[in-house]
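Fold and contact review
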Amino acid sequence: MREQLIFNLSREGRKGYSLAPNDIRELTPEETLPAEFLRKEPADLPEIPESEVVRHFIRLSNLNYHVDKNMYPLGSCTMKYNPKVNDAACDLAGFSELHPLQPEKTVQGALQMMYELSGMLAEIAGMAAVSLQPAAGAHGELAGILLIRKYHEARGSKRTKLLVVDSAHGTNPASAAIAGYSIVSVKSASDGRTDLADLREKLDDDVAAIMLTNPNTIGLFEKEILEIERMVHENGSLLYMDGANMNALLGITRPGDMGFDVVHYNLHKSFSAPHGGGGPGSGPVGVSEKLIPYLPVPIVEKIVGPEGTVYRLNSECSGSIGRMMNFYGNFAVLIRAYTYIRMLGSEGLRRVSENAIINANYLLGRLDERYELPYPKPVMHEFCLSGDRQKKQHGVRTLDIAKRILDYGFHAPTIYFPLIVSEALMIEPTETETRESLDMFADALLSIADEAETSPELVLSAPVSTPVKRLDEAQASRQLNICCPG
Ligand SMILES: *Cc1c(COP(=O)(O)O)cnc(C)c1O
């Protein structure tokens, strides 16, 4: 059945509530509001009983795909299962009923949580200090790049370039451009890692920093990171780490120990806050000692005095790049990350990454005979296959394979990213999948490889079992039609 708009379900006079008789005189709108704020026409709201409102939204939610339904193998996005205890912590009245303008002495618990979370994140990544302000990974990148700019400005230097590796996430060059830098692309070598010769060539006096992702977007660890660190710092440039792939490193190694000056975290990826559909996220930024004076304000401070411990917000750091957000960042995401880290402890965090790596390599082992693997195994927490063979031999593109996966009841992997892999099919299973669910997903992809050989027309017309069938991709994004899918 096709779901109607809730407006189409409306019938005049149907109500979702009933109230006891009122023994106080009702005020008319004219008595309560200035005339210019009154509606000229009544609001066009659907009239519908409570039972039908609930059914409508439950039916819609059943059409949706989410990580509580099945595996969500979207590479780079770390769509792990989000433990419900995180939400329980958010719902505690001491957090959920706070107002951001309350006096500091009445929000000591919230400030303590933020102070401790900053400390834990600093410890996890080996950084000297962390700001929780940025609202997403990309926003953390912007904060990090502004910090780098301040650092160079304070030394009277006007470097204008940022180096970005060609396998990077699109937000890297975008953030660099927003901060006013010109972008120089560094090549990947034939093993999928940064090409050191190309880096050496492009590293001149005008380079403010290089942005690296480690492990990179094809799930490979930059083995030459210490050599890269030496080259970059000898040149007076700084080293930025895109930390979106931290799910591979927790408790195993730390960006700070590799010599990075700045790193952003994606709390909604590595630290299990629900995401997708546009947020909200949280992208704290961690820095080495030399960048501390420029961190965004306010900074939560802990003051131990004769009357006990007090937490306060300090907005008076003269070197600061300023505010990145209203108030304190996306506070509820911070509570979820805090809860997640405290529930797991240091041993548990390490197991997260170990299992993420084992799961990725297990899944890859089941798939790489049928799909091309452009760069050699082993991988870290994710991998990137290529649909080149299916395209050349059977005219089935990666887009078609991704559509067909929907018929098997899974969300599609990331496709056509990173740009250095043709017909890319990028898969990140995460640690929260069992061996059985990994096998089901592998079976689906293997049977699609069979279908591409024996009945390519089936794959080309997929999806056939979803509420919305194959769309014209370009038209669908230009002429959004939310009333009548199909
Ligand atoms: C997700 C991601 C980003 C951007 O993070 P957002 O929170 O989506 O803004 C940057 N780099 C990589 C590698 C990512 O996977």
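Structural notes, computed from the coordinates. (Residues numbered from 1 in each chain as written. Predicted model: local features only at pLDDT ≥ 70, side-chain atom pairs only at ≥ 80, totals over all residues. Heavy atoms only, no water.)

Taken together, the side chains of Phe-57, Leu-60 and Leu-63 define a hydrophobic patch exposed on the protein surface, amounting to about 270 Å² of accessible area. Within the fold, Phe-57 resides in helix 2 (residues 50–63). (Patch = residues over 30% accessible without salt bridge, like charges linked within 9 Å, V, L, I, M, F, W, Y side chains within 5 Å. Areas by Shrake-Rupley, 256 points an atom, 1.4 Å probe, with all protein chains shown as cover. Salt bridge = Lys/Arg side-chain N within 4 Å of Asp/Glu carboxyl O. Helix = DSSP H or I, 4+ residues; strand = E, 2+ residues; numbered from the N terminus.)

Before going further, it helps to examine the sheet that holds strand 4 (residues 207–213). As summarised here, the arrangement of the seven strands in space is 1-7-6-5-4-2-3, forming an open sheet in which the pairing is mixed. Only two strands of the sheet have a single neighbouring strand rather than two, namely strand 1 (129–131) and strand 3 (182–186). When strand polarity is set aside, the average angle formed by the axes of neighbouring strands in this sheet is 25°. The sheet contact formed by strand 2 (residues 161–165) and strand 3 spans five bridges and is parallel. Across the sheet, the residue bridging to Leu-162 is Ile-183, located in strand 3. Each of strand 4 and strand 5 (238–242) touches helix 9 (residues 225–234); the most contacted strand, strand 5, lies at about 140° to it. (Pairing = 2+ DSSP bridges. Axes fitted to C-alpha atoms, helices over the stretch in contact; angles between N-to-C directions. Contact = heavy atoms within 4.5 Å.)

A side chain with one charge can pair with a side chain of the opposite charge if their charged atoms come near. In this structure the tally under the stated criterion is 32 salt bridges. Ionic pairing is found between Glu-227 and Arg-200, a salt bridge with its closest N-O pair at 3.9 Å. With Glu-227 in helix 9 and Arg-200 in helix 8 (residues 196–202), this residue pair connects regions lying 27 residues apart in the sequence. Its relative accessible area of 25% is what places Glu-227 among the partly exposed residues. Through salt bridges with shared partners, one network takes in Arg-200, Glu-227, Arg-230 and Glu-234. (Buried < 20%, exposed > 50% of the residue type's maximum accessible area, 1.4 Å probe, protein only.)

This paragraph deals with the environment of Tyr-65. Within the fold, Tyr-65 resides in the loop between helix 2 and helix 3 (84–91). Residues Tyr-65 and Gly-409, 344 residues apart in the sequence, show an inter-C-alpha distance of 9.0 Å. Not counting chain neighbours up to four residues away, the residues in contact with Tyr-65 comprise Asn-70, Met-71, Tyr-72, Gly-409, Phe-410 and His-411. A distance of 2.5 Å separates a polar atom in the side chain of Tyr-65 from the backbone oxygen of Met-71. (Polar contact = N/O pair within 3.5 Å; in protein donor to acceptor, adjacent residues only side chain to side chain.)

Of all the residues in helix 7 (residues 171–178), the buried ones are Asn-172, Ser-175 and Ala-176. Looking straight down helix 7, one finds that the buried residues subtend no more than 100° of arc, so they occupy a single side. Where helix 7 is buried, its residues touch helix 6 (137–154), strand 2, strand 3, strand 4 and strand 5. Positive backbone phi, at 95°, marks Gly-180, one or two positions downstream of helix 7. (Arc of directions from axis to C-beta.)

Our focus in this paragraph is the site of the ligand. Near the ligand you find Ser-76, Ala-136, Gly-137, Ala-138, Glu-141, His-169, Thr-171, Asp-242, Ala-244, Asn-266, His-268 and Lys-269, and these make up its full shell. The separation between an oxygen atom of the ligand and a polar main-chain atom of Ala-138 is 2.8 Å. At 2.7 Å, a side-chain N or O of His-268 approaches an oxygen atom of the ligand. Elements represented by at least two residues in the shell around the ligand include exactly helix 6 and helix 10 (267–270). For the shell around the ligand, the leading source of residues is helix 6, giving three residues. In terms of residue class, the shell around the ligand is made up of three nonpolar, six polar and three charged. (Near = heavy atom within 4 Å. Nonpolar A, V, L, I, M, F, W, Y, C, P; charged D, E, K, R; others polar.)

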